[in-house]
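# Summary of structural features
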Amino acid sequence: MTEATPQDRIRRHLTVRGAVQGVGFRPFVYTLAEEHGLTGWVTNDADGVRTEVEGPAASVDAFTDAIGTRAPPLAVVASVEPRPVPVRNDGSGFTIRPSASSGTGRTLIPPDTATCEACLGELADPADRRHRHPFITCTHCGPRFTVVTGLPYDRPRTTMAGFSMCPDCAREYADPADRRFHAQPIACPACGPRLTLRRGPGDPDIRHDEDALAEARRLLAEGAVVAVKGIGGYHLACDAGDPAAVRTLRKRKNRGGKPFAVLADSLETVRRLAHVDDAERALLTGPRKPVVLLRRRASAAPEVASGVAPGSPDLGVMLPYTPLHRLLLGLPGDPPGPSVLVLTSGNRSGEPIVTDDGEALARLDGLADAWLGHDRPIHVPCDDSVVRICAGAELPVRRSRGYAPLPLALPLPVLPVLAVGGDLKNTFCAADDRYAWLSAHVGDMDDLATLTAFEKATEHLTDLTTVTPRLLVADRHPGYRSTQWARRAAQARGLPLRQVQHHHAHVASTMAEHGLDGTAPVIGIAFDGTGYGDDGAVWGGEVLVADYDGFRRFAHLRYVPLPGGDAAVRNPYRMALSHLRAAGLPWSAGLPCTAIAPPGERRLLERQLERGLNCVPTSSMGRLFDAVSSLAGVCHRVEYEAEAAMRLEDAALQAPDDLDDDGRERAYGFILRTEPGAEAGAEAPAEPGTEPGPDAGGQSAPLTADPSPVLAAAAADILAGVPAPVVARRFHRAVTGLVRDVCAAARRRTGIATVALTGGVFCNALLTEGCSAGLEEDGFTVLRHRKVPPNDGGLALGQLMVAARTKE
């Protein structure tokens, strides 16, 4: 066979896989083919995008090279697979064919994307026909994941199917030169969704469109709480600068002191509220526009009341990511209104975000004063993502809108699997071969509504990804609702169920996102609040030598009793008193944790600890943070998860310079020791396939990190009048020092020089930055979370890597 010359006419079929539907990929291919003078066609199907091009060999080659490198901004090209096909010499130009439903592969649906600059310009332009249109969108922005009902991605398979295009929109949709060429959610005021504003379920005076928007803005300016329907669900909004409105929303939602996120009208406003570096600015203004946790400025800005984020070192801020948000904050010439809104998930405490209009009127009754809705259905709920910049890199706290359902590439192939995650901050993960799809944030699995939302979301994601699980994976905690659901589902479907230890999954999650193939183990520092241990204790201060095949517990925080279980979690002073007693320290009357505990409760607690009644042992680092927070007088009772630790971090950030005579930062110190079998909850015999792990050192008993010296020094400082911020800072440095010491010990015994930092405690930026810098100074390679959260929101990725890997 003779090789083709550049002048020879050839025809080539290409299959493009990845996030290539709903992002203007077919129009891009059409324009690219026209640019190179090629004939042929392009279509969507269940595999992705298929195209055939014909023309001179050099032009076809140039087209093939460009299709993966010049893709539209929202596209993610995973692969381009070319194959030769017979030349047709039809000379019929290039066409976009209707989507085909056949195909055995899978395509990737893009996430919802913030309104682009071009659409924002049209929104504010009185001469544009989409001026002030709350649903303006194009091929480069707008809803995707939350409106898709099936594949391939075309308008009939979205929640826009019920809106017929007007002649103007149809013309734009069919024009290859138009920015809205084949933009599936395309609409305008003449043919698109409509706004409505109601004052309650039975309100006869329903306002529409501009009247609805104007009334919503007026209500917000007057201090009302308005339920606003967004892309992935309802929000509850109020004027962030109105203390009374903030108090009202907090009380109605039973939110306690948990911080609210805010929506600001501009980057300039954000800069008045918080410190913003270049990386944070890029997140705020980029196409995802998540909630970004920023360090608050010391001087309070009038746009945000003190009650928005009490006791938090950070303020969660986002910029408008939908046209409706932009309109709510006002365009030039609009009547004055709030420049910053509280924007929090539209739900009751513990329930999932509301997406259905009828449910919103019922479930948000008593929370909202008015409902600003519209008639475009939301097919799948999707909360706002929350991220921060830590040590110069992105750290996801909640991975949801703007990120889900983009896949994560896996370092090793896996069976078709569904991993269900944990019970707090639940996300689940579907995976097959070398891709994993992490779900949007589901929430805490503590009520029927969340379990129902979880089940619907698993069906939707597995349908979109065409993953038919052959294996289910869950946490080992027997009481987790996610584990119980997986057990029932496995029985009903006749599938095997694997259960993975909580902290092993955390470490495996870190390894997977960094592309480690598991041939070399890592030192995993897994610090969190609660995880079911293999010995029945509550783990959470763990140092594991681990790979995907197994782990060995190299070290852990010394066990102390968790008196009353959840009662100790809700009341950090109970953990402080438990830690003091375990350290042999008196409950001095001058200590804040002693003073806050009622005398009767102190006596009962002392007897409870003496007798070990309802006192499961715990090695939790999260509970140690709680204990020190109360010991220092920072936080004694919590209203939301990790509140005491967050307040302790805030205090530490306020500490002045604290140097010893040699110019070194003062810090408390742990003691590392080996005490095999000497503590409550000593390890049970290893489960098959779990231990011994990959530690070459052969150590049989884990080291224990004893916090007694830390507690003794902190208590002495407090009794001597040392300010709480100084105590908090010295404690943070103590934990950083512990991490460096235990990693050095692990390297000496195993030769391992790679450390994974994981678990919810590493959402603490001060701690993460200190540990990372110290370990890197010590010559370690440090793996930190950058793609999935370090908390339980990233757990499912690690579960499936431990349980579902296949041989190459």
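Residues numbered from 1 in each chain as written. Predicted model: local features only at pLDDT ≥ 70, side-chain atom pairs only at ≥ 80, totals over all residues. Heavy atoms only, no water.

### Concerning the overall build of the chain
The secondary structure content of the chain amounts to 23 helices and 29 strands. For 808 residues, the compact-globule formula gives about 28 Å, and the C-alpha radius of gyration of the chain, at 28 Å, lands near that figure. Per-residue burial over the chain gives 60% buried out of 808 residues. Long-range pairs, those at least 24 residues apart, make up 73% of the contacts in the chain between residues at least 6 apart in sequence. Accessible surface computed for the chain: about 29900 Å², of which carbon and sulfur atoms make up 50%. The average position of the 88 basic charges and that of the 98 acidic charges among the side chains of the chain differ by 2 Å. (Helix = DSSP H or I, 4+ residues; strand = E, 2+ residues; numbered from the N terminus. Rg over C-alpha atoms; globule rule 2.2 N^0.38 Å. Buried < 20%, exposed > 50% of the residue type's maximum accessible area, 1.4 Å probe, protein only. Contact = heavy atoms within 4.5 Å. Areas by Shrake-Rupley, 256 points an atom, 1.4 Å probe, with all protein chains shown as cover. Lys, Arg positive; Asp, Glu negative; His and termini not counted. Charge placed at Lys NZ, Arg CZ, Asp CG, Glu CD.)

### Digging into the pairing of strand β11 (residues 291-295)
Within β11, four of the five residues are buried, which leaves the element mostly enclosed by the surrounding structure. With three bridges joining them, β11 and strand β15 (residues 386-390) adopt parallel strand pairing. For Val292, the partnering residue across the bridge sits in β15 and is Val387. Inspection of the sheet shows β11 paired to strand β12 (residues 314-318) by four bridges, in the antiparallel sense. Looking at the pairing, Val292 lines up with Val317 of β12. (Pairing = 2+ DSSP bridges.)

### Examining the confidence of the model for the chain
Summing up the model confidence of the chain, the mean pLDDT is 91 and the portion of residues at 70 or higher is 94%. In the model, residues 677-698 has pLDDT below 50 throughout and makes 45 contacts with residues more than four positions away in sequence or in other chains. (pLDDT = per-residue confidence, 0-100.)

### Side note on empty space enclosed by the protein
By the definition in use, this model includes seven cavities of 30 Å³ or more. Size it by volume and the largest cavity reaches roughly 140 Å³. Class assignment for the residues of the lining of the largest cavity results in eight nonpolar, seven polar and two charged. (1 Å grid on protein atoms, 1.4 Å probe; cavity = no way out; pocket = protein on both sides within 12 Å on 5 of 7 lines; lining within 4 Å. Points joined across faces, edges and corners; volume = space filled by probe spheres on them. Nonpolar A, V, L, I, M, F, W, Y, C, P; charged D, E, K, R; others polar.)

### What about the layout of surface pockets?
Reported here for the second largest pocket is a volume of approximately 500 Å³. As for the second largest pocket, its lining consists of 23 residues, and the residues nearest its centre are Thr355, His379, Pro381, Ala453 and Lys456. Of all the secondary structure elements, the ones that give two or more residues to the lining of the second largest pocket are α10 (357-363) and α11 (448-465). Broken down by class, the residue content of the lining of the second largest pocket amounts to 11 nonpolar, six polar and six charged.

### Notes on the packing of helix α18 (residues 621-631) against helix α19 (residues 643-653)
Between α18 and α19, the least distance of the axes is 8 Å, while the angle of their chain directions is 60°. Relative to α19, α18 is oriented oblique. Judged by the sense of rotation from one axis to the other, the crossing of α18 with α19 is left-handed. Across the interface between the two elements, Phe625, Asp626, Val628 and Ser629 of α18 pack against Ala644, Ala645 and Leu648 of α19. Looking at the contact of α18 with α19 residue by residue, the classes come out as five nonpolar, one polar and one charged. (Axes fitted to C-alpha atoms, helices over the stretch in contact; angles between N-to-C directions. Parallel < 35°, antiparallel > 145°, perpendicular 65-115°, else oblique. Left-handed = near helix turned anticlockwise from the far one by under 90°.)

### Some points on the sheet that holds strand β17 (residues 408-419)
Here four strands make up an open sheet; going across it, the order is β18-β17-β19-β20 and the pairing mixed. The open sheet has two free edges, formed respectively by β18 (429-438) and β20 (497-500), since each of these has just one partner strand. Along the sheet, successive strands turn relative to each other by an average axial angle of 60°, direction set aside. The sheet contacts of helix α12 (residues 481-493) involve β17, β19 (471-475) and β20, and relative to β19 the element is tilted by about 160°. Set on the sheet, helix α23 (residues 795-803) makes contact with β17, β18, β19 and β20; between it and β17 the angle comes to about 90°.

### What to know about the environment of Pro323
Position of Pro323 relative to the elements: it lies in helix α9 (residues 323-329). Residue Pro323 is classed as buried on the basis of its relative accessible area, which comes to 7%. For the pair Pro323 and Met575, spaced 252 residues apart in sequence, the C-alpha to C-alpha distance is 48 Å. Beyond its immediate chain neighbours, meaning those up to four positions away, Pro323 contacts Thr115, Leu123, His133, Pro134, Phe135 and Ile136.

### Concerning the pairing of strand β6 (residues 195-198)
As judged from the four bridges shared by β6 and strand β14 (residues 370-374), these two strands associate in the antiparallel manner. What sits directly across from Arg198, in β14, is Trp371. Of the pairings in the sheet, the one linking β6 to strand β7 (residues 207-208) comprises two bridges and is antiparallel in character. Paired with Thr196 across the two strands is His208, which belongs to β7.

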